[in-house]
Amino acid sequence: MSFVRLSVAALCCTIVVLAGISVSYGQLDPSFYEDTCPKLQAIVLEVVHNALRSDRRIGASLIRLHFHDCFVQGCDASILLNKTDTIDSEQDAFPNVNSIRGLDVVNNIKSAVEAACPATVSCADILALAAEVSVVLAGGRGWRVPLGRRDSTTANRGLANANLPPPFFNLDKLKASFAAQGLNTTDLVALSGAHTFGRSHCRNFVDRLCNFSGTGQPDPTLNPWYLQKLRVICPQDGDGNNLTNLDLTTPDKFDKNYYTNLHFHAGLLNSDQVLFSTFGADTIPIVNSFARDTAPS
Ligand code: HEM
Ligand SMILES: *[C@@H]1O[C@H](CO)[C@@H](O)[C@H](O)[C@H]1NC(C)=O
Ligand SMILES: *[C@@H]1O[C@H](CO)[C@@H](O)[C@H](O)[C@H]1NC(C)=O
Ligand SMILES: *[C@@H]1O[C@H](CO)[C@@H](O)[C@H](O)[C@H]1NC(C)=O
Ligand SMILES: *[C@@H]1O[C@H](CO)[C@@H](O)[C@H](O)[C@H]1NC(C)=O
């Protein structure tokens, strides 16, 4: 549900005009391509399904692309624009470089969609649909993706650096970063649940293992058993490039274990564990309700 809001909230100021049909300001609709590209979702599903055969991680990488697209001038596929003389590619922003994956799969989806419905479907909608089918293929619940986004002709590397939250942010900063996109605290906890699958490089959490906030000690909110396990994968003198699962228990499944892991102090990133371990935080009851698979009250 919050994915829908992520997409909708981030897309304002867009007048959607397609095939002579003019839809008013900022309105998206799941049936947008019903007549012009009826097989769209099936095509996206097939390409992602095939990609998963050789890369179990690709669904996670595709969702993350949608997130990193939406937080920078709305869900407008600006992340797909390569560097040129006039474009400062978002792909070169700090949170994306040596980290985002799946651009080749997005190209494959776009080719398959173009073959079926030429010059009809936006890349921004393809990113949104790829995120949804990735959740379904990982065993999660799908949603009716609102469609009709238009693609940007500009990108903004500076905004990608400014808007995408880094993993060391505390809870207040995470909230502020989401609020800047029109997303509230429930959205923050719900969307962080995408860390139920996929991987992270050691460099994003290695400070928690040995010298947390310059204390010379590990992060006290990190489960000691998990700490020992992570120290093997991410030695202090390592280069930070090893990968480990974001979800310790069910690494490739879209389920609620991301939230139950937080109860065991086994959130991988600081930005994960702070949702449950920040003293007195309003995110704690939200984590608890998602861990029970009930809507927050
Ligand atoms: C709350 C703030 C967030 C922070 C600080 C954050 C940070 C990170 C970091 C540091 C990584 C590891 C990247 C790497 O090592 O290459 C990562 C991976 C990932 N993030 Fe987030 N993230 C956040 C929110 C989100 C949201 C909202 C989504 C999607 C809705 C998301 C989806 C993912 C996925 C699926 C991966 C794994 C990607 C892969 O395996 O290729 N994250 N995130
Ligand atoms: C962007 O660069 C990648 C990798 O070099 C290439 O495969 C892709 O076709 C390029 N996309 C565009 C739109 O030029
Ligand atoms: C966030 O917004 C959603 C939808 O508008 C609402 O249901 C939820 O209660 C809000 N959460 C908070 C913490 O305000
Ligand atoms: C821990 O970090 C602090 C601050 O960055 C630094 O001054 C200190 O030397 C570090 N300690 C160790 C043991 O690396
Ligand atoms: C990568 O992880 C392995 C254990 O899985 C460890 O032996 C190795 O030292 C690590 N390498 C680096 C560069 O961190």
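Described below are features of the structure shown in this document.

With respect to the element layout, V136 can be found in helix α5 (residues 123-137). Given the relative accessible area of 35%, V136 is considered partly exposed. Residues V136 and G59, 77 residues apart in the sequence, show an inter-C-alpha distance of 9.5 Å. When near neighbours in sequence (up to four residues on either side) are disregarded, V136 contacts R141 and G142.

Turning our eyes to something else, we now look at the nonpolar core. The biggest cluster of nonpolar side chains holds 40 residues, and the ones touching the most others in it are L40, V44, L62 and I109. Looking at which element gives the most residues to this core, the answer is α5, with 10 residues. No fewer than three residues from each of domain 1 (3-163) and domain 2 (171-292) sit in this core. The contacts of I109, once residues within four sequence positions are left out, are V44, V47, V48, I126 and A130. Listed in part, the 24 residues of the second largest apolar core include F71, V72, A281 and F290.

The next subject is the side chain of R149. In this fold, R149 is placed in the loop between α5 and α6 (157-163). Here D125 takes part through its side chain, which lies 2.7 Å from a polar atom of the side chain of R149. A polar atom in the side chain of R149 sits 2.8 Å from the backbone oxygen of P146.

Below, the discussion takes up the coordination of the iron atom of ligand 1. The reference angle at a metal is 109.5 degrees if four donors form a tetrahedron and 90 or 180 degrees if six donors form an octahedron. For the iron atom of ligand 1, the sole protein-derived donor is H195 (NE2), lying 2.1 Å away. In this fold, H195 is placed in the loop between α8 (185-192) and β3 (199-201).

Counted according to the given criterion, the structure contains 1 cavity of 30 Å³ or more. Along its surface, the largest cavity is lined by H195, L246, D247, Y258, N261, L262, A266, G267, L268 and D272. The element that contributes the greatest number of residues to the lining of the largest cavity is helix α11 (residues 257-263), accounting for 3 residues.

Reading the values: the criteria
Here, residues in each chain are numbered from 1, in the same order as that chain's written sequence. Note on labels: chains are lettered from A, ligands numbered from 1, in written order. Confidence filtering applies because this is a predicted model: local features only for residues at pLDDT of at least 70, side-chain atom pairs given and counted only at 80 or more, and all residues used for totals across whole chains, interfaces and linings. Side-chain figures throughout are based on the complete set of non-hydrogen atoms in the structure, without hydrogens or water. A run of H or I in DSSP becomes a helix once it reaches four residues, and a run of E becomes a strand once it reaches two; helices and strands are each numbered from the N terminus. The rule is simple: take the accessible area with a 1.4 Å probe, protein chains only, and divide by the maximum for that residue type; under 20% is buried, over 50% is exposed, in between is partly exposed. Note on contacts: a residue pair is in contact if any heavy atoms of the two residues lie within 4.5 Å. Residue types Ala, Val, Leu, Ile, Met, Phe, Trp, Tyr and Cys, when buried and joined through side-chain atoms within 4.5 Å, form a set referred to as a nonpolar core. How far each domain reaches was decided by an automatic or database domain assignment. Side-chain atoms alone can form a polar contact between residues adjacent in sequence; in general such a contact is a pair of N or O atoms within 3.5 Å, and within protein one must be able to donate a hydrogen while the other accepts it. Counted as donors are N, O and S atoms no farther than 2.8 Å from the metal, or 3.2 Å for Na, K and Ca; water is not among the atoms, and sites may therefore look incomplete. Using a grid of 1 Å spacing that covers the protein atoms alone, one calls a set of points a cavity when a 1.4 Å probe fits there but cannot get out, and a pocket when the set is open and has protein on both sides within 12 Å along at least five of seven lines; lining residues are those with an atom within 4 Å of a point. Grid points are joined across faces, edges and corners, and a volume is the space filled by probe spheres set on the points.

Treat this as a map of the structure, not an account of what it does.
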